Amino acid sequence: MPNPKRKHTPHRRDCRRSANSKLENPNSSKCPNCGAPKMPHKVCPDCGFYNGKLIIPKKVKKKAAAQAQEQEASK
C-alpha cells in the first residue's frame, strides 16, 4: 500500500478541513405559526407545528407551570 512521501503541512491540512465550514446554510423558511426560521418540510423546532397542526407539544417546565397556576389562583 503506498504511503505519502512527504508530510502535509498543518496549513495545507487545515485549509482542506476548513472548506466544510465555508458552506452556506441550507435554505430555511419562516414558520407560519410563530415566525421562527425552520427547514422546509420539517416540524418547527420552536413551536412544534407542521402544516398548521400541532405535531410535537411544547414541554412545560414544572416550575413555570406551578408559577402559572399560582398566578391564576391569585386572580
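Residues numbered from 1 in each chain as written. Predicted model: local features only at pLDDT ≥ 70, side-chain atom pairs only at ≥ 80, totals over all residues. Heavy atoms only, no water.

Here we come to the overall build of the protein chain. The helix and strand tally for the protein chain stands at two helices and four strands. Counting from the amino terminus, helix and strand elements in the protein chain follow one another as α-β-β-β-β-α. Against the compact-globule benchmark of 11 Å for 75 residues, the protein chain has a radius of gyration of 24 Å, which places it well outside the compact range. Along the three orthogonal principal directions, the C-alpha set of the protein chain runs to about 80 × 30 × 25 Å. For the protein chain, the proportion of its 75 residues judged to be buried stands at 8%. Once local pairs closer than 6 in sequence are excluded, the contacts in the protein chain between residues at least 24 apart make up 0%. A total of about 7,600 Å² of accessible surface is found on the protein chain, and carbon and sulfur atoms cover 53% of it. Where the 18 positive side-chain charges of the protein chain centre and where its 5 negative ones centre are 14 Å apart. (Helix = DSSP H or I, 4+ residues; strand = E, 2+ residues; numbered from the N terminus. Rg over C-alpha atoms; globule rule 2.2 N^0.38 Å. Buried < 20%, exposed > 50% of the residue type's maximum accessible area, 1.4 Å probe, protein only. Contact = heavy atoms within 4.5 Å. Areas by Shrake-Rupley, 256 points an atom, 1.4 Å probe, with all protein chains shown as cover. Lys, Arg positive; Asp, Glu negative; His and termini not counted. Charge placed at Lys NZ, Arg CZ, Asp CG, Glu CD.)

Before going further, it helps to examine the pattern of salt bridges. With the rule as written, the count across this model stands at one salt bridge. With a shortest N-O distance of 3.0 Å, D14 and R13 are connected by a salt bridge. (Salt bridge = Lys/Arg side-chain N within 4 Å of Asp/Glu carboxyl O.)

A surface patch of nonpolar side chains, amounting to about 270 Å² of accessible area, comprises Y50, I55 and I56. Tracing the chain through its elements places Y50 in strand β3 (residues 49-50). (Patch = residues over 30% accessible without salt bridge, like charges linked within 9 Å, V, L, I, M, F, W, Y side chains within 5 Å.)

Across the protein chain, pLDDT averages 85, with 97% of residues at or above 70. Put simply, helix α2 (residues 62-74) is where the protein chain has its lowest mean pLDDT, 74, and β3 is where it has its highest, 94. (pLDDT = per-residue confidence, 0-100.)

So, about unusual backbone geometry. Positive phi values are uncommon outside glycine, yet H41 reaches one of about 60°. Its place among the elements puts H41 in the loop between β2 (37-38) and β3. Under the relative-accessibility criterion, H41 is labelled exposed at 69%. In this structure, N51 is a non-glycine residue whose phi angle is positive, near 55°.

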